[in-house]
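Spelled out from the first residue to the last, the chains are:
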Amino acid sequence: MADGRLIDTVAWVRIEGGRILCARPRGKDVFYIPGGKREGAETDLQTLVREIEEELTVALRPETVAHVGTYQAVHEPTIGLVVRMSCYTADYHGTLAASSEIEEMAWFSYADRALVPPVDQLLFDDLVDAGRLS
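Owing to the predicted nature of the structure, the values given are computational and were not obtained by experimental measurement. (Residues numbered from 1 in each chain as written. Predicted model: local features only at pLDDT ≥ 70, side-chain atom pairs only at ≥ 80, totals over all residues. Heavy atoms only, no water.)

Asker: Give me the overall build of the protein: which residues, what numbers.
Answerer: Looking only at helices and strands, the protein features two helices and nine strands. Of the regular secondary structure in the protein, the N- to C-terminal order runs β-β-β-β-α-β-β-β-β-β-α. The globule rule puts the C-alpha radius of gyration for 134 residues at 14 Å, and the 14 Å found for the protein is close to it. Across the 134 residues that make up the protein, the buried fraction comes to 44%. The contacts in the protein between residues at least 6 apart in sequence include a share of 67% that link residues at least 24 apart. A total accessible area of about 6900 Å² is found for the protein, and carbon and sulfur atoms account for 51% of it. Of note, the protein has its 13 positive side-chain charges centred 1 Å away from the centre of its 22 negative side-chain charges. (Helix = DSSP H or I, 4+ residues; strand = E, 2+ residues; numbered from the N terminus. Rg over C-alpha atoms; globule rule 2.2 N^0.38 Å. Buried < 20%, exposed > 50% of the residue type's maximum accessible area, 1.4 Å probe, protein only. Contact = heavy atoms within 4.5 Å. Areas by Shrake-Rupley, 256 points an atom, 1.4 Å probe, with all protein chains shown as cover. Lys, Arg positive; Asp, Glu negative; His and termini not counted. Charge placed at Lys NZ, Arg CZ, Asp CG, Glu CD.)

Asker: Before we move on, could you go through the pairing of strand E1 (residues 6-12) and cite the residues and values that matter?
Answerer: Both E1 and strand E7 (residues 81-89) contribute to a ladder of seven bridges, which runs parallel. Counted as the bridge partner of Ile7 is Val83 from E7. Here E1 runs beside strand E4 (residues 35-37); their pairing, made up of three bridges, is antiparallel. Considered in E4, the bridge of Val10 is made with Gly36. (Pairing = 2+ DSSP bridges.)

Below is the structure:
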């Protein structure tokens, strides 16, 4: 029976050369758009900055953050789990590197769409329609 749970997340959309940055957490076999869930009363910006520093060891430049879109999709139909993902672009300082919680980083094109969860696939669709993803 579905319990209607919602996971509210934020994600960093980093596109270079027509490819989007994705990350695979340790112990998982799926890639995600980098980001995560808010802690307490964090704003989207606070969550985004904290999560990206934790996952990819870079500091986002808050003054460059721009909303790309918000997407929502069923993640686990059997339990009614839905993920909402608010997506932002931003410039950064530092060198991208996988942290202790991230096993692997990869640059995905639209051809890799099937390797990401349903909510991420909606972002991929919008980015390819906008000519930003190859």
